[in-house]
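Summary of structural features
Chain by chain, the residues:
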Amino acid sequence: MSRSAETGSARAPVTADDVDLAVRLAAGVLRDAPADGWGARAGSLEWDCWETAEHLANDLFYYAVQLGPQNPPLDTHVPFALTRKRPQAPVVFAHAERDAGPAGLVQVLEACGALLVAMIRTTSPRVRAHHAAGVSDPEGFAALGLQETLVHTHDLAEGLGLAWTPPAALCSRVLARLFPKAPGGTDPWPTLLWATGRAALPGHPRLTTWRSDSTPRP
């Protein structure tokens, strides 16, 4: 399906089911990763694969907890303490136990994804909460979680030597929600990689900076 065919005159919303599917697909791929490959660099990132998977899990956790307070903050994140293990590592709320190995790391990813899925399903669409890409609604956080899962699994797959091509419909919905000005009429997955600075598209050089727009849509 082309992106233009899905967006058309009415944008298909991003749902909790989309996030659930993406996390399940990502976990299924990552379970096949070689146990000794998690120290490799994750695609074009400065992080290794273990750090990138922790970052992804923390993204999903972050989006869930932003929606949790009775009065969600609109100007900053819910104040969980942020840490990093080395200067170049991602900043995270929580780490996976190294002794649990890759299987435990994937469980952490699944658990954080389940938290976000549950919050999207149970939070009123009228709720708004802070994100650096724009104060957002539950659907916006679903789209952000979906984007992070699809794209960081790409980074992980490159580093771990795995194949990863997510469903085109998921990519189309992320593009329509977060990147409404992205090129239309192109394959959704390469277009999402272009929009997030991972690849070039014909007629569109690879981006050196990029930003999603999570503000609510009509």
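Along every chain, residues carry numbers that run from 1 in the direction the sequence is written. Residue-level local features of this predicted model are given only where pLDDT is at least 70; pairs of side-chain atoms are given and counted only at 80 or more, and the full residue set underlies all totals for whole chains, interfaces and linings. Calculation of side-chain values draws on the structure's entire complement of heavy atoms; hydrogens and water are dropped beforehand.

1. Some words on the overall build of the chain
Broken down by element type, the chain carries seven helices and zero strands. Each radius of gyration is computed over the set of C-alpha atoms, and the globule rule expresses the reference value as 2.2 Å times the number of residues to the power 0.38. Here the chain has a C-alpha radius of gyration of 17 Å; the compact-globule value for 218 residues is 17 Å, and the two agree. Each principal axis of the C-alpha atoms in the chain carries an extent, and together these give about 50 × 45 × 30 Å. Any residue under 20% of the maximum accessible area for its type is buried, any over 50% is exposed, and the rest in between are partly exposed; the area is computed with a 1.4 Å probe on protein chains only. Counting over 218 residues, the chain shows a buried share of 52%. Contacts are assigned to residue pairs that have any heavy atoms within 4.5 Å of one another. Look at the contacts in the chain between residues 6 or more apart in sequence, and 69% of them connect residues 24 or more apart. Runs of E in the DSSP output that reach at least two residues are strands. Runs of H or I that reach at least four are helices, and both are numbered from the N terminus.

2. A look at the packing of helix α3 (residues 49-66) against helix α5 (residues 138-160)
Contact geometry of α3 with α5 gives a least axis separation of 10 Å together with a crossing angle of 175°. Classified by the angle their axes make, α3 and α5 are roughly antiparallel. Residue-level inspection shows Cys49, Thr52, Ala53, His55, Leu56, Asp59, Leu60, Tyr63 and Gln66 of α3 in contact with α5, the latter providing Phe141, Leu144, Gly145, Glu148, Thr149, His152, Thr153, Leu156, Gly159 and Leu160. Residue classes follow a fixed rule: Ala, Val, Leu, Ile, Met, Phe, Trp, Tyr, Cys and Pro count as nonpolar, while Asp, Glu, Lys and Arg count as charged, and any other residue, Gly among them, counts as polar. In the contact of α3 with α5, the residues fall into nine nonpolar, eight polar and two charged. To obtain an axis, a line is fitted to C-alpha atoms, over the contacting stretch when the element is a helix, and the angle between two such axes runs from 0 to 180 degrees between their N-to-C directions. Every angle not falling under 35 degrees, over 145, or within 65 to 115 is termed oblique; those three ranges are roughly parallel, roughly antiparallel and roughly perpendicular.

3. Notes on the pattern of salt bridges
The working definition used for a salt bridge is a side-chain nitrogen of Lys or Arg within 4 Å of a carboxyl oxygen of Asp or Glu. Applying the stated rule across the entire model yields ten salt bridges. Aspartate 137 is the salt-bridge partner of arginine 177, the closest N and O atoms lying 2.8 Å from each other. Residue arginine 177 is located in helix α6 (residues 168-178), and its partner aspartate 137 is located in the loop between α4 (101-122) and α5; the two are separated by 40 residues in the primary sequence. With a relative accessible area of 0%, arginine 177 lands in the buried category. As a salt-bridge pair, glutamate 139 and arginine 177 come within 3.0 Å of each other at their nearest N and O atoms. Highlighted residues: glutamate 139 in helix α5 and arginine 177 in helix α6, separated in sequence by 38 residues. Here the salt bridges do not stand alone but share partners, grouping Arg11, Asp137, Glu139 and Arg177 into one network.

4. A look at the packing of helix α2 (residues 16-30) against α5
Taken N-terminus to C-terminus, the directions of α2 and α5 make an angle of 15°; their axes are 9 Å apart at the nearest point. With respect to α5, the axis of α2 lies roughly parallel. Seen from above, α2 lies across α5 with left-handed handedness. Counted together, Asp18, Val19, Ala22, Val23, Ala26 and Leu30 of α2 and Ala142, Leu146, Thr149, Leu150, Thr153, Leu156 and Leu160 of α5 form the full contact between these two elements. Residues that form the contact of α2 with α5 fall into these classes: ten nonpolar, two polar and one charged. Crossings are sorted by hand: turned counterclockwise from the far helix by less than a right angle, the near helix makes the crossing left-handed, and turned clockwise it makes it right-handed.

5. Topic: the packing of aromatic side chains
For Phe, Tyr and Trp, where Trp contributes only its six-membered ring, two rings pair if their centres lie within 6.5 Å, and the inter-plane angle classes them as stacked under 30 degrees, edge-to-face over 60, or tilted in between. For the coordinates displayed, the defined rule picks out eight aromatic pairs. Where tryptophan 38 meets tryptophan 50, the ring centres are 6.5 Å apart and the plane angle is 80°; that geometry is what we call edge-to-face. Of this pair, tryptophan 38 sits in the loop between α2 and α3 while tryptophan 50 sits in helix α3, and the two are twelve residues apart along the sequence. Both residues of the pair, tryptophan 38 and tryptophan 50, count as buried. Relative to phenylalanine 93, the ring of tyrosine 62 has its centre 6.0 Å away and its plane inclined at 20°; by these criteria the two rings are stacked. With tyrosine 62 in helix α3 and phenylalanine 93 in the loop between α3 and α4, this residue pair connects regions lying 31 residues apart in the sequence. The rings of Phe61, Tyr62, Tyr63, Phe80, Phe93 and Phe141 are connected pair by pair, giving a single aromatic cluster.

6. Section: the nonpolar core
With 60 residues, the main nonpolar core has Trp38, Leu150, Phe179 and Leu192 as its most contacted residues. Looking at this core, the elements that each hand over two or more residues are α2, α3, α4, α5, α6 and α7 (188-195). With eleven residues, the single largest contributor to this core is α3. Only buried Ala, Val, Leu, Ile, Met, Phe, Trp, Tyr and Cys residues count toward a nonpolar core, and they belong to the same one when joined by side-chain atoms within 4.5 Å.

7. What about α5?
One turn of an α-helix holds 3.6 residues; hence residues three or four places apart share an orientation. Multiplying 1.5 Å by the residue count of a helix minus one yields the expected span of that helix. The terminal C-alpha atoms of α5, which comprises 23 residues, lie 32 Å apart, in line with the 33 Å expected from a rise of 1.5 Å per residue. In terms of residue burial, α5 counts as a mostly covered element, since 21 of its 23 residues are buried. Remark: glycine 161 follows α5 within two positions and exhibits a positive phi of approximately 75°.

8. Some thoughts on the confidence of the model for the chain
The quantity called pLDDT is the predictor's confidence in a given residue, expressed from 0 to 100. Mean pLDDT over the chain: 94, with 96% of residues reaching 70 or higher. For the stretch residues 1-9, pLDDT sits under 50, and the model shows 21 contacts to residues farther than four places along the chain or on other chains.

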